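Observations on chain architecture
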Amino acid sequence: MFTGIVEELGEIVRSTETGDDSALVAIRGPLVTSDARHGDSIAVNGVCLTVVDADAGVFTADVMGETLRRTALGALRPGDPVNLERAAALNSRLGGHLVQGHVDGVGEVVAREPAARWETVRFRLPAGLARYVVEKGSITVDGVSLTVAEVGDDWFTVGLIPTTLKLTTLGARRPGDPVNLEVDVLAKYVERLMGGAR
């Protein structure tokens, strides 16, 4: 479980195909690896990955083909920045919202509207996800917990403050760029309990 509060801007070091529809990915992140052990969870652009090994500020993780196809991780190349967050501890503050690290779909940056100190960014939603997104509700974009400003049939907007623009990958995302989206899990549970189909 995560909170969507990015701890560190890391970097993809390498991605090696393992020959069985998966890859071993190496990611630089001195902060998140400072106490990382084999089996720990680290969110990479919102995708929960399991640490295989950690050494000298770099950790490796096995990424299945399913994850590479259903998230934007498959498009990353060496040198690309990534948002990193260690799993939340039970005694820590919940600064964002409850984030599982289970990506619901890949969205796309549609437009950016700069203001004096922040930016409004519009994202396109995959079909079927809009029903889980509500104005003033929470959504995770590339692992960043954000508050929805507006929502339409296949889009939503968020406001990005200077800290988010500077300390996460969202400051450099441009129209057309893919992003990992995780909707609020509570909305999915409510739908299931009310008898709705997913």
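This text gives an overview of the structure that appears in the document. (Residues numbered from 1 in each chain as written. Predicted model: local features only at pLDDT ≥ 70, side-chain atom pairs only at ≥ 80, totals over all residues. Heavy atoms only, no water.)

Another aspect to go through is the side chain of Ser145. You can see Ser145 is positioned in strand 10 (residues 144–151). If we skip the residues at most four places from it in the chain, Ser145 touches Thr3, Gly4, Gly96, His97 and Ile139. (Helix = DSSP H or I, 4+ residues; strand = E, 2+ residues; numbered from the N terminus. Contact = heavy atoms within 4.5 Å.)

Before going further, it helps to spend a moment on the pairing of strand 9 (residues 138–141). Alignment of strand 9 against strand 10, held across four bridges, turns out to be antiparallel. Residue pairing across strands places Ile139 opposite Leu146, the latter belonging to strand 10. If you look at the hairpin formed by strand 9 and strand 10, you'll find two residues sitting between the two strands, and Asp142 has a positive phi there, around 50 degrees. Strand direction decides the pairing type here: strand 9 and strand 12 (residues 178–183), joined by three bridges, are antiparallel. Across the sheet, Val141 pairs through a bridge with Leu181, a residue of strand 12. (Pairing = 2+ DSSP bridges.)

What follows deals with the sheet that holds strand 8 (residues 119–124). The strand order around the closed barrel formed by six strands is 7-8-11-10-9-12, and the pairing between neighbours is antiparallel. Taken pair by pair, the neighbouring strands of this sheet meet at an average axis angle of 45 degrees, ignoring direction. Relative to strand 11 (residues 155–160), strand 8 is paired through six bridges, and the arrangement is antiparallel. Its bridge partner lying in strand 11, Thr120 is registered against Gly159. (Axes fitted to C-alpha atoms, helices over the stretch in contact; angles between N-to-C directions.)

It is possible for side chains bearing opposite charge to pair when their charged atoms get close. Enumeration over the complete set of coordinates arrives at eleven salt bridges. Residues Arg28 and Glu11 are paired through a salt bridge, measuring 3.3 Å at the closest nitrogen-oxygen approach. With Arg28 in strand 2 (residues 22–28) and Glu11 in strand 1 (residues 8–17), this residue pair connects regions lying 17 residues apart in the sequence. The exposure class assigned to Arg28 is partly exposed, which follows from its relative accessible area of 36%. Given a relative accessible area of 30%, Glu11 falls into the partly exposed group. Close ionic contact of Arg112 with Glu119 constitutes a salt bridge, the shortest N to O distance being 2.7 Å. When sorted by exposure, Arg112 lands in the same class as Glu119, which is buried. One salt-bridge network, held together by shared partners, links Asp21, Glu66, Arg69 and Arg70. (Salt bridge = Lys/Arg side-chain N within 4 Å of Asp/Glu carboxyl O. Buried < 20%, exposed > 50% of the residue type's maximum accessible area, 1.4 Å probe, protein only.)

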